[in-house]
Amino acid sequence: MEKFIYLDYAATTPVRPEVVEAMMPYFTEKFGNPSSLYTEGRNARGAIEEARDRVAASIGAESREIVFTSGGTEADNFAIKGIAYANEKKGNHIITTPIEHHAVLEPCHYLRKRGFEITYLPVDEHGMVDPADVERTITGKTVLVSVMHANNEVGTIEPLSEIGKITREKGVYLHTDAVQTFGHIPVDVNELGVDLLSISAHKLYGPKGIGALYIRRGTRMEPFMQGGSQENNRRAGTHNVAGIIGFAKAVEIAEKEMVSEAKRLAELRDYLIRGILERIEDVRLNGHPTKRLPNNVNVCLVGAEGEAILLSLDMEGISSSSGSACTSGTLDPSHVLLAMGIPAEIAHSSLRLTLGSRTTKEDIDYVLDVLPPIVKRLRAMSPLGTAWGRK
Ligand SMILES: *Cc1c(COP(=O)(O)O)cnc(C)c1O
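Here's what I pulled together on the structure shown here.

Here is what the cut-offs are and how they apply
Residues numbered from 1 in each chain as written. Predicted model: local features only at pLDDT ≥ 70, side-chain atom pairs only at ≥ 80, totals over all residues. Heavy atoms only, no water. Core = buried A, V, L, I, M, F, W, Y, C linked by side-chain atoms within 4.5 Å. Buried < 20%, exposed > 50% of the residue type's maximum accessible area, 1.4 Å probe, protein only. Helix = DSSP H or I, 4+ residues; strand = E, 2+ residues; numbered from the N terminus. Domains from an automatic or database assignment. Contact = heavy atoms within 4.5 Å. Axes fitted to C-alpha atoms, helices over the stretch in contact; angles between N-to-C directions. Left-handed = near helix turned anticlockwise from the far one by under 90°. Nonpolar A, V, L, I, M, F, W, Y, C, P; charged D, E, K, R; others polar. Near = heavy atom within 4 Å. Polar contact = N/O pair within 3.5 Å; in protein donor to acceptor, adjacent residues only side chain to side chain. Areas by Shrake-Rupley, 256 points an atom, 1.4 Å probe, with all protein chains shown as cover. Salt bridge = Lys/Arg side-chain N within 4 Å of Asp/Glu carboxyl O.

### Quick word on the nonpolar core
So, point 1. If you look at the biggest cluster of nonpolar residues, it comprises 58 residues, and the most contacted ones within it are I59, I66, F68, V145, L197 and F247.
So, point 2. For this core, the element with the most residues is helix α9 (residues 241-279), which contributes 10 residues.
So, point 3. Residue assignment places this core across two domains, with domain 1 (5-12 + 258-384) and domain 2 (17-253) each supplying three or more.
So, point 4. When residues no more than four places from it in sequence are discounted, the contact partners of V145 are I95, V134, I138, I163, T167, V172, Y173, L174 and H175.
So, point 5. Core analysis: the next-biggest nonpolar cluster, separate from the first, contains 28 residues, L351, L355, V370 and L371 among them.

### A word on the packing of helix α2 (residues 39-58) against α9
So, point 1. Where α2 meets α9, the axes come as close as 9 Å, and the angle between the chain directions of the two elements is 35°. Crossing geometry of α2 relative to α9 is assigned as left-handed. For the pair formed by α2 and α9, the contact residues are A44, A47, I48, A51, R54, V55 and S58 on the first element and V241, I244, I245, F247, A248, V251, E252 and E255 on the second.
So, point 2. Of the residues in the contact of α2 with α9, the class split is 11 nonpolar, one polar and three charged.

### Brief notes about the site of the ligand
So, point 1. With respect to spatial proximity, 13 residues lie near the ligand, and among them T73, D177, Q180, S200 and K203 are the closest.
So, point 2. Residue Q180 places a side-chain N or O atom 2.7 Å away from an oxygen atom belonging to the ligand.
So, point 3. A distance of 2.8 Å separates an oxygen atom of the ligand from a polar side-chain atom of H202.
So, point 4. Computed on the free molecule, the ligand has an accessible area of 390 Å², of which 87% lies beneath the protein chains in the complex.
So, point 5. Broken down by element, the residue count for the shell around the ligand peaks at three residues, all from helix α3 (residues 72-86).

### What to know about the side chain of T181
So, point 1. Structurally, the position occupied by T181 is in the loop between β6 (173-177) and α7 (189-192).
So, point 2. Under the relative-accessibility criterion, T181 is labelled buried at 0%.

### Some points on the pattern of salt bridges
So, point 1. Tallying each qualifying case throughout the model produces 18 salt bridges.
So, point 2. Across the pair E49 and R52 runs a salt bridge, and its minimum N-O distance is 2.8 Å. One end of the pair, E49, and the other, R52, are both in helix α2, three residues apart, so they sit about a helical turn from each other.
So, point 3. Exposure remark for R52: the relative accessible area of 6% places this residue in the buried category.
So, point 4. Connected through salt bridges with shared partners, the residues R54, K249, E252, E255 and K256 form a single ionic network.

Pasting the structure below:
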């Protein structure tokens, strides 16, 4: 039988059968528009509100503080532009980090071109933000601080609650992209001290195309889309009913399994890291050694090119990710690794393996068998600094 070992759970996860089952009726017999006033509409509306209650409770929020969106990207865009445009009278300064997901970096870039000032906080060699830098950087013009809860590439978990104490004291809104943590480690909006928080269903075994933005009560916010009065006039458009139901089902299951699954994955993660470090020379573990997502392994296999490792692993039936983003034909090393001070030629050798529900110890052993010869072969083909790492 052909191998299929999926180790890219940070990119997306398979939808659980129970989630599909919960969604199905909302495509067919329960197809009503939740904005309609007759029975079918009211039933769909009721199901959405139950789902909202579940999502809200899972992060310690009130139901009316949850706005359903088309996913994490929309939630991030909504948070950043919504705060920026609603608080322009107070100021035009936004603070974020250089290691954010593009769903945060690009709206910030967009705003910069339109007169906003963006400050990027430094991160240390593990990709960690220093809360003292947040305090130093806030000015009277600052309207928003946006720092991700955990990084999607290197898995580092940021000191959000300490940052939250500072932003509260200074009266500045705090947003966090919690797409990688929600459903995997505890996320509580009050413990983190955040005013806005982005989540997405397809990173926790729910469907793609549905997510939510938590908006703390009383936050000054522009609506994201104009149209109907859905979501309390904050996000117009007919609800993705089946998606919302599936999202809530995925949250329900994640809550039950989170503690045991995080423990299981952290053990497999550490086993994989140890195995790589033992079997391959010249390896750099990226991300924080302990404050990291339970399922994240990210290494630089110095001297081999990440994209080539990925393709070689794919031929062995393993799905992985390299940090490089292929833009307009050139391979750019990961912006996250560069921000952590890793030289470009080393950053080019990064490999990310993210574990999940279907990952077994046998899978990890298989990776530990096939990876060392791949790296050896690629290193022999591409001596450092000649075949790669140069324009
Ligand atoms: C996946 C991801 C997103 C984007 O979420 P979508 O639902 O795919 O739009 C945003 N931020 C982080 C950290 C992610 O991992």
